[in-house]
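# Structural overview
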Amino acid sequence: MLFRSATTLKPGDQRHSFPTAAGDLGFVYIATLDSGRQSVRLVNRGMERELTTASSHAQLIDRTLVLIRDNTLVVQSLDPETMLLAGPSTALATNVGISSAGHGFFAASPRVLAWATASPRGRQLTWVDLASGRRIPMGEPADIWQARVSPDDRTAAVTFLDPLLRTLDVSLVPLDASAVARRLTRALAADTDPVWSENGDLVMYRSLQGGDRK
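Residues numbered from 1 in each chain as written. Predicted model: local features only at pLDDT ≥ 70, side-chain atom pairs only at ≥ 80, totals over all residues. Heavy atoms only, no water.

## As for the sheet that holds strand β3 (residues 38–44)
Read from one edge of the open sheet, four strands run β1-β2-β3-β4, paired in antiparallel fashion. Across the chains shown, the open sheet's two edge strands, defined by having one partner strand only, are β1 (13–21) and β4 (47–53). Direction aside, neighbouring strands of the sheet carry axes that sit 30° apart on average. The sheet contact formed by β1 and strand β2 (residues 27–33) spans six bridges and is antiparallel. When the bridges of β2 are listed, Arg 15 appears paired with Thr 32. (Pairing = 2+ DSSP bridges. Helix = DSSP H or I, 4+ residues; strand = E, 2+ residues; numbered from the N terminus. Axes fitted to C-alpha atoms, helices over the stretch in contact; angles between N-to-C directions.)

## Quick word on the sheet that holds strand β6 (residues 64–69)
In spatial order, the strands read β5-β6-β7-β8; together these four strands make up an open sheet with antiparallel pairing. On the outer flanks of this sheet lie β5 (58–61) and β8 (84–94), each paired with one strand and no other. For this sheet, the mean angle separating the axes of adjacent strands, direction not counted, is 25°. In the sheet, β6 pairs with strand β7 (residues 72–79) via six bridges, with the strands oriented antiparallel. The residue bridging Leu 65 from the neighbouring strand is Gln 76, located in β7.

## Details of the pattern of salt bridges
Across all of its chains, the model carries seven salt bridges by this definition. Across the salt bridge formed by Asp 13 and Arg 41, the nearest N and O atoms sit 2.8 Å from each other. Of the two residues, Asp 13 is situated in strand β1 and Arg 41 in strand β3; the sequence distance between them amounts to 28 residues. Judged by relative accessible area, which is 10%, Asp 13 ranks as buried. Residue Asp 169 is joined to Arg 183 by a salt bridge in which the shortest nitrogen-to-oxygen separation is 2.8 Å. A residue pair is termed long-range when its members are at least 10 positions apart, and Asp 169 in strand β15 (residues 168–174) and Arg 183 in strand β16 (residues 182–183) qualify at 14 residues. Judged by relative accessible area, which is 0%, Asp 169 ranks as buried. (Salt bridge = Lys/Arg side-chain N within 4 Å of Asp/Glu carboxyl O. Buried < 20%, exposed > 50% of the residue type's maximum accessible area, 1.4 Å probe, protein only.)

## Topic: the pairing of strand β11 (residues 123–129)
Summarising burial for β11: six of the seven residues are buried, a large majority. Pairing analysis gives five bridges linking strand β10 (residues 112–116) to β11, with the strands arranged antiparallel. Directly across from Ala 114, in β11, lies its bridge partner Trp 127.

## Some details on the layout of surface pockets
Put simply, the largest pocket is a space of about 640 Å³. Taken together, 29 residues line the largest pocket, and the ones lying closest to its centre are Thr 20, Ala 21, Gln 59, Ile 61 and Ala 108. Broken down by secondary-structure element, the contributors of at least two residues to the lining of the largest pocket are β1, β5, β9 (106–108), β13 (144–149) and β17 (191–196). Per element, the largest residue contribution to the lining of the largest pocket is four residues, and it comes from β1. When its residues are assigned to classes, the lining of the largest pocket shows 16 nonpolar, eight polar and five charged. Estimates place the volume of the second largest pocket at around 370 Å³. As for the second largest pocket, its lining consists of 17 residues, of which Ala 101, Gln 146, Thr 192, Asp 193 and Arg 206 are closest to the centre. Of all the secondary-structure elements, those providing two or more residues to the lining of the second largest pocket are β13 and β17. (1 Å grid on protein atoms, 1.4 Å probe; cavity = no way out; pocket = protein on both sides within 12 Å on 5 of 7 lines; lining within 4 Å. Points joined across faces, edges and corners; volume = space filled by probe spheres on them. Nonpolar A, V, L, I, M, F, W, Y, C, P; charged D, E, K, R; others polar.)

## Brief notes about the pairing of β15
The buried fraction of β15 is high, at seven of seven residues. Side chains Leu 168, Val 170, Leu 172 and Pro 174 project from β15 onto one buried face, and the interleaved Asp 169, Ser 171 and Val 173 project onto a second face that is buried too. Two elements, strand β14 (residues 155–161) and β15, share seven bridges in a ladder whose sense is antiparallel. Bridging from a neighbouring strand, Ala 157 pairs with Leu 172 of β15.

Right, dumping it as structure tokens:
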């Protein structure tokens, strides 16, 4: 199978990471520059546009860009005519976590936006309805590293650090304040990077069981 590069390093680019599909608009990715600055770029019909700077990965959901800047989760609208950001950004939450690799502790869909705050006592997964602005904490505070929302917006697959064994595992957290989280993995080796199947019936994850990534 032959693969074609979707992006090409430009002068001053150090690396490209975190490509995220944006529906009919193409996809966004993060370009880390030699200066250390991270730029959000939109690739649409073969054309690239610089959108803004960020401290994490970014998602473009229904022409709304979601990202973390200086540990603050912000959203900003995209003008569909110019394919550039329009108007000021809006801050939704502060002290939002970012992994050592640069992936923000948030996940977005057209109806739900979930994030985890960073604090010495743990991170709280919270969702906000973009239409009403209602915010509800989900599950118990934990050392959460990653969060992925299911296609039906009802469950988040999260990577967390077990407080006793100090191992990384995957848990399923229902996006319902009255529901209880269900642990998906219990291995001593690290299990991380959960990804939902298209219909939401399966969760795939990366495992170090046996010493190799699977």
